[in-house]
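Residue-level structural notes
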Amino acid sequence: MSIIVEALNSALIAIYQSGSTPAGSPVTRQKSLSYVRADASEEALYDVAQALFSLSQHPLQDVQLRRNFRLIEE
């Protein structure tokens, strides 16, 4: 059995700290940028997230890339 992998869509997720609780724990939120180009490199996407959040008052905590694929039996 042979499987074909078909790329679907991708999303860049930026997780940032929006404040802190009264106990001092960080409160995090996330923003997603959907339909990221499939040929965009991971380094370029990381640099984009860093550049966008350099304009924000909230510090960037984490950058994630979510890619979806369809698996098709040939």
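Described in the following lines is the structure provided in the data block. (Residues numbered from 1 in each chain as written. Predicted model: local features only at pLDDT ≥ 70, side-chain atom pairs only at ≥ 80, totals over all residues. Heavy atoms only, no water.)

1. Points about the overall build of the protein
Along the backbone of the protein there are one helix and three strands. Helices (α) and strands (β) of the protein occur, in sequence order from the N terminus, as β-β-α-β. Over its C-alpha trace the protein gives a radius of gyration of 16 Å, far above what one expects of a compact globule, namely 11 Å for 74 residues. Principal-axis analysis of the C-alpha atoms gives the protein an extent of 55 × 25 × 15 Å. For the protein, buried positions account for 15% of its 74 residues. Put simply, 62% of the contacts in the protein that link residues at least 6 apart link residues at least 24 apart. As presented, the protein carries roughly 5600 Å² of accessible surface, and 50% of it is formed by carbon and sulfur atoms. In the protein, the 6 positive side-chain charges and the 8 negative ones have mean positions that sit 12 Å from each other. (Helix = DSSP H or I, 4+ residues; strand = E, 2+ residues; numbered from the N terminus. Rg over C-alpha atoms; globule rule 2.2 N^0.38 Å. Buried < 20%, exposed > 50% of the residue type's maximum accessible area, 1.4 Å probe, protein only. Contact = heavy atoms within 4.5 Å. Areas by Shrake-Rupley, 256 points an atom, 1.4 Å probe, with all protein chains shown as cover. Lys, Arg positive; Asp, Glu negative; His and termini not counted. Charge placed at Lys NZ, Arg CZ, Asp CG, Glu CD.)

2. Observations concerning the sheet that holds strand β1 (residues 3–20)
Strand pairing in a sheet relies on backbone hydrogen bonds, with the paired strands running either antiparallel or parallel. One open sheet holds the three strands; their spatial order is β2-β1-β3, and the pairing between them is antiparallel. Each edge of the sheet is formed by a strand with only one pairing partner; in this case those strands are β2 (26–34) and β3 (60–73). When the angles between neighbouring strand axes are averaged without regard to direction, this sheet yields 25°. Bridge count between β1 and β2: nine bridges; the pairing is antiparallel. From the neighbouring strand, L12 faces β2, where its bridge partner is L33. In this fold helix α1 (residues 42–53) packs onto β1 and β3, with an angle of close to 140° to the strand it touches most, β3. (Pairing = 2+ DSSP bridges. Axes fitted to C-alpha atoms, helices over the stretch in contact; angles between N-to-C directions.)

3. A look at α1
Helix length check: α1 (twelve residues) gives 17 Å between terminal C-alpha atoms against 16 Å at 1.5 Å per residue, within 8%. Taken residue by residue, α1 has L45, A49 and F53 as its buried positions. Relative to the axis of α1, the buried residues are bounded by an arc of 65° and lie together on one face. Its buried side turned inward, α1 meets β1 and β3. (Expected span 1.5 Å × (residues − 1). Arc of directions from axis to C-beta.)

4. Focus on the environment of R66
By the element assignment, R66 lies in strand β3. Taking the C-alpha atoms as reference, R66 lies 7.5 Å from I13; in sequence the two are 53 residues apart. The residues touching R66, leaving out its near neighbours within four places in the chain, are N9, S10, A11 and I13.

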